[in-house]
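Remarks on the overall topology
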Amino acid sequence: MPNAMQSFPTGGLALVIGASGGIGHAIQQALEQSGSFEQVMGLSRSVDGLDLTNEASIASTASTVAGMGMPVRLVIVATGLLHDGAMQPEKSWRQLDADTLARSFAINAIGPAIVAKHFLPLLPREGKAVFAALSAKVGSIGDNHLGGWYGYRAAKAALNQLMHTASIELRRTRPDAICVTLHPGTVATQLSAPFGASGHEPVEPDAAARRLLGVIEELRPIQSGLLLDHTGLPLPW
Ligand SMILES: NC(=O)c1ccc[n+]([C@@H]2O[C@H](COP(=O)([O-])OP(=O)(O)OC[C@H]3O[C@@H](n4cnc5c(N)ncnc54)[C@H](OP(=O)(O)O)[C@@H]3O)[C@@H](O)[C@H]2O)c1
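In this report, the structure presented in the accompanying data block is examined.

Cut-offs and rules
- Residues numbered from 1 in each chain as written.
- Predicted model: local features only at pLDDT ≥ 70, side-chain atom pairs only at ≥ 80, totals over all residues.
- Heavy atoms only, no water.
- Salt bridge = Lys/Arg side-chain N within 4 Å of Asp/Glu carboxyl O.
- Helix = DSSP H or I, 4+ residues; strand = E, 2+ residues; numbered from the N terminus.
- Buried < 20%, exposed > 50% of the residue type's maximum accessible area, 1.4 Å probe, protein only.
- Core = buried A, V, L, I, M, F, W, Y, C linked by side-chain atoms within 4.5 Å.
- Near = heavy atom within 4 Å.
- Polar contact = N/O pair within 3.5 Å; in protein donor to acceptor, adjacent residues only side chain to side chain.
- Areas by Shrake-Rupley, 256 points an atom, 1.4 Å probe, with all protein chains shown as cover.
- Nonpolar A, V, L, I, M, F, W, Y, C, P; charged D, E, K, R; others polar.

**A word on the pattern of salt bridges**
- On inspection of all chains with the given rule, the structure shows two salt bridges.
- E55 is the partner of K117 in a salt bridge, and the nearest nitrogen-oxygen pair spans 2.7 Å. Taken together, the residues K117 in helix α4 (residues 98–119) and E55 in helix α3 (residues 55–67) connect sequence positions 62 residues apart.
- Among the residues examined, E55 registers a relative accessible area of 32% and is labelled partly exposed.
- For R103, the salt bridge identified is with D84, shortest N-O distance 2.6 Å. Note that R103 is positioned in helix α4 and D84 in the loop between β3 (72–77) and α4, a separation of 19 residues in sequence.

Structural data, given as structure tokens:
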């Protein structure tokens, strides 16, 4: 059952950045099925050339979006990196590597911050608008009881701080707008695949997308700046 996003003014544009990813693709599909926005755009590195490590590509995409002349009501940043051929989450401080840490910060924290720099100014000055960056519960320092995954945890904690800071600035010019970080839960994508369930049975991306959109639908300005989980509850920093 597609989510209806009735809390947003009618019309407008919804953007999903990282639409090639497991969760991002499912969010784009769910938004399209909801029919709640005049247009839904999915942006990715491979198709649109939007590379988080290249500010010019982010600025150029934002300029294209601004030129469409539609109110940007929803921006979801669904990008992220936990592992790839060259990078695995650290199990011990012995595996800490400066270049790998820098890469995790570049993709998980700095890239979304630069996206915020170029896309937050596109949010309308009145009416509900949401900028939501996907984060992770493991970025919560207060909830870190297991250790490990140094780079990913630290980069997501930095992302949470960057978005919280942006939410304070956003409030000054756009009091109806909301900027949050969201933990999607454990979701069956290539990002989580190597790590097993570890106590959390993964949900399929379409179910994860529906519950994230349900949280976004219920968001109110008083919650701007929070890190929320997939049920809408705030997580400790
Ligand atoms: N899956 C989970 O269980 C889980 C749990 C907690 C949090 N999260 C968070 O949820 C978000 C989405 O995760 P996912 O599971 O959907 O991961 P995914 O399937 O691996 O998707 C990651 C996305 O990030 C994009 N990306 C990576 N580097 C990029 C770059 N330099 N420039 C532009 N795009 C880049 C990828 O694009 P390309 O296709 O171009 O590489 C892809 O669209 C992430 O922030 C992740 O940390 C996921």
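From this point on, the discussion continues.
**Observations regarding the nonpolar core**
- Membership of the largest hydrophobic core comes to 33 residues, with the highest contact counts inside it found for L15, V75, V115, F119, L123 and F131.
- Elements represented by at least two residues in this core include exactly β1 (13–17), β2 (39–43), α3, β3, α4, β4 (129–134), α5 (150–173) and β5 (177–182).
- Among the nonpolar cores identified, the runner-up in size contains 30 residues, and I23, A30, L74 and L228 belong to it.

**Here's the deal with the site of the ligand**
- Around the ligand there are 27 residues in total, and R45, T79, Y152, T189 and Q190 lie nearest to it.
- The contact in question runs from a nitrogen atom of the ligand to an N or O atom on the backbone of L52, over 2.9 Å.
- At a separation of 2.5 Å, an oxygen atom of the ligand approaches a polar side-chain atom of T189.
- When isolated, the ligand has an accessible area of 890 Å², and the protein chains bury 89% of it.
- Only α1 (22–34) and α5 provide two or more residues apiece to the shell around the ligand.
- A breakdown of the residues in the shell around the ligand according to their chemical character gives eleven nonpolar, 13 polar and three charged.

Purely spatial values, then, with no claim about function.
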